[in-house]
Every structure is written in C-alpha cells, then in structure tokens.
Amino acid sequence: MRLVAFQDLVPGMEIADDFYSIDGGILAKKGAIISEKYIENLSHFEIPYLYILDSFSVDIKVNCTITSGVRNSATQNLKSLYEAVSNGNIDLYHNALQACLESVDQLTEDIISNKIELYDVFDIKMIENYIYQQPVNVTVISLIIGKSLNLSSLEMYRLACGAFFHDIGNALLPESVLSKDGKLTEDELNLVRTHAQEGYRFAKDEFNLPMRSYLAILQHHERYDGKGYPMGKKKNEISIFGRIVAIADVFDALSSKRRTRQALSPTQAYKIILEGA
C-alpha cells in the first residue's frame, strides 16, 4: 500500500486501511474500491491523505504496530475525557479516565512487544479531530523514542501516561480559542500557554498517575535553550520525560496539516528539530 493525497485519488484505487470520522465511525473502509461518487462523498470531509492499494503498490507490505482501530479507540476515549473535563462532569470523566488508561496500556504493550515501523510514526489526522488525535500520536512517538533509549517497561508506562495526557490542560480552555481559525491575539496566546501548568495541577488533583508522568504534562513546552514555558527550564533541568514528549509534540505538530498551513514531511520535521536542538 502507499499514502496518497486526497486530491490525487482516482477511480479504481482500493482503500488499504480504515479511516475514521470525528465520531469514530468508518468514513473510508478498507477494501472499498474508489469511484467518482466515492471521492465526491468524501470531499465533504477534510481528509488530507488515504492509504490505498493500486498497481504501483500491490506488492508493498506494511505491518503496522499500532492499528488504525487501536488509534481510533484511544482517540475516542480521550475525546470523551476532554468533553467530560470541559463540562465539569466528575462521574463521566472518571469513567473516561479509566478507558484512557486502558488505551495507554494497549499502546505501551504494542510498542514494547513489536518491531516498530515508520508507518507508526505517521498518523493521518482530520483537522476537526486534531486536538484528540494528536496526543495519541505523541504517545506513540514518545514510546518509540523511549524504546530506542532502552527504558524499562515500567518507565515506558510512566512515559506513556505523561504523553497521553500532556495536553489535558486544553480541556480547561475556551473552545472558541482552541478552534479559532485565524491568528491568536496576544491575550489568547498567553491563555493557551497556561495549559501546561493548569493541566499539571488538574492532573495531580484528579488523576492517579505515576509521579514522574506529571512532569511530562508540566514540561512538554520547555526547551533545551531555556526559551520554553511555563518555567523557562533548560538542558538537564528538564526531566527526561519532559524532553521526550516535547520532541514528540513538535514532530507531530510539524508533520500535521492545520487550517493555517500544510503539513511538513517527516524528513522536513526531523531536520527542523535537529536545527533547533
């Protein structure tokens, strides 16, 4: 199979992997043959790419570690948690938290137990669902980095917890700011920058996570040169979890399409991170 931009789809191609809607339903089903009508129906959604099979890719085999179904389940669990937290529904968010922790277990076990493929680093996101899909992919990337550093299974789980909930502070921000299409005002930007510290405080009060996991939530916007936030920490003042999740967060943001810009290729994103290191 191969990755094809939506505008390059042509009739006769076959969908190679399920693609899910913002609500978790299947928009493009694996095995479906693309027609003009199929393309027209999908054009109403902001789908950047699809994995397809055609004469050029029929012999290309990709064995992904994290399936699209596992990603979708984790995304929907996180979406339920964010909505419950945003609405202040304590009963619902404790149930959603448990479902999220089950997703963390699944992602951690899958990465520890299997060979990693490049496919696992890249996830196709719908712009409308970015806020929920992004933490899932950041978790996967963080775990891949952790595995390359030979972290223990326990440390991998702690890292995954911090990565999965690293942006929980966004659930405490106004939806009007999070979903704004244009450039944020200075006041709005300052408000968004509170999400790391407020998310850290909220998680410590409400979630029962491993202690080191909270540092990933607090420090994922700190930078090695000390120019990050919220505390301006630098170099080894930033915890290993904070550094890993910061790298994963930037890589995923750069390689994802947003309404204000196109996605960079993984190679371009990697180069920018190295230049800023």
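Residues numbered from 1 in each chain as written. Predicted model: local features only at pLDDT ≥ 70, side-chain atom pairs only at ≥ 80, totals over all residues. Heavy atoms only, no water.

A few points about the overall build of the protein chain
Here comes step 1: Scanning the protein chain for helices and strands turns up eleven helices and five strands.
Here comes step 2: Looking at the 277 residues of the protein chain, the share that counts as buried comes to 49%.
Here comes step 3: Within the protein chain, contacts between residues separated by at least 24 positions form 66% of all contacts whose residues are at least 6 apart in sequence.
Here comes step 4: Carbon and sulfur atoms make up 52% of the accessible area of the protein chain, which totals about 13,900 Å². (Helix = DSSP H or I, 4+ residues; strand = E, 2+ residues; numbered from the N terminus. Buried < 20%, exposed > 50% of the residue type's maximum accessible area, 1.4 Å probe, protein only. Contact = heavy atoms within 4.5 Å. Areas by Shrake-Rupley, 256 points an atom, 1.4 Å probe, with all protein chains shown as cover.)

Section: unusual backbone geometry
Here comes step 1: With omega at 15 degrees, the peptide bond leading from Y229 into P230 counts as cis.
Here comes step 2: As for its placement among the helices and strands, P230 is situated in the loop between α9 (213-219) and α10 (240-254).
Here comes step 3: In this structure, N150 takes a positive phi of about 60 degrees despite not being glycine.
Here comes step 4: With phi around 45 degrees, K235 is a residue other than glycine that occupies positive phi space.
Here comes step 5: Inspection of the secondary structure assignment puts K235 in the loop between α9 and α10.
Here comes step 6: By relative accessible area, K235 is classed as partly exposed at 48%.

Quick look at the confidence of the model for the protein chain
Here comes step 1: Scored by pLDDT, the protein chain has a mean of 85; 85% of the residues are at 70 or more.
Here comes step 2: At the level of individual helices and strands, the protein chain shows its lowest average pLDDT in helix α11 (residues 266-276), which scores 68, and its highest in α9, which scores 98. (pLDDT = per-residue confidence, 0-100.)

Structural notes on the packing of helix α2 (residues 68-87) against helix α4 (residues 130-148)
Here comes step 1: It is the contact of α2 with α4, at a shortest axis distance of 8 Å, that shows an interaxial angle of 125 degrees. One element, α2, and the other, α4, form an angle in the oblique class. Judged by the twist between their axes, the crossing of α2 over α4 is right-handed. On the side of α2, the interface is formed by R71, A74, T75, L78, K79, Y82 and E83, while α4 contributes I131, Y132, Q133, P135, V136, N137 and V140.
Here comes step 2: By residue class, the composition of the contact of α2 with α4 is eight nonpolar, three polar and three charged. (Axes fitted to C-alpha atoms, helices over the stretch in contact; angles between N-to-C directions. Parallel < 35°, antiparallel > 145°, perpendicular 65-115°, else oblique. Left-handed = near helix turned anticlockwise from the far one by under 90°. Nonpolar A, V, L, I, M, F, W, Y, C, P; charged D, E, K, R; others polar.)

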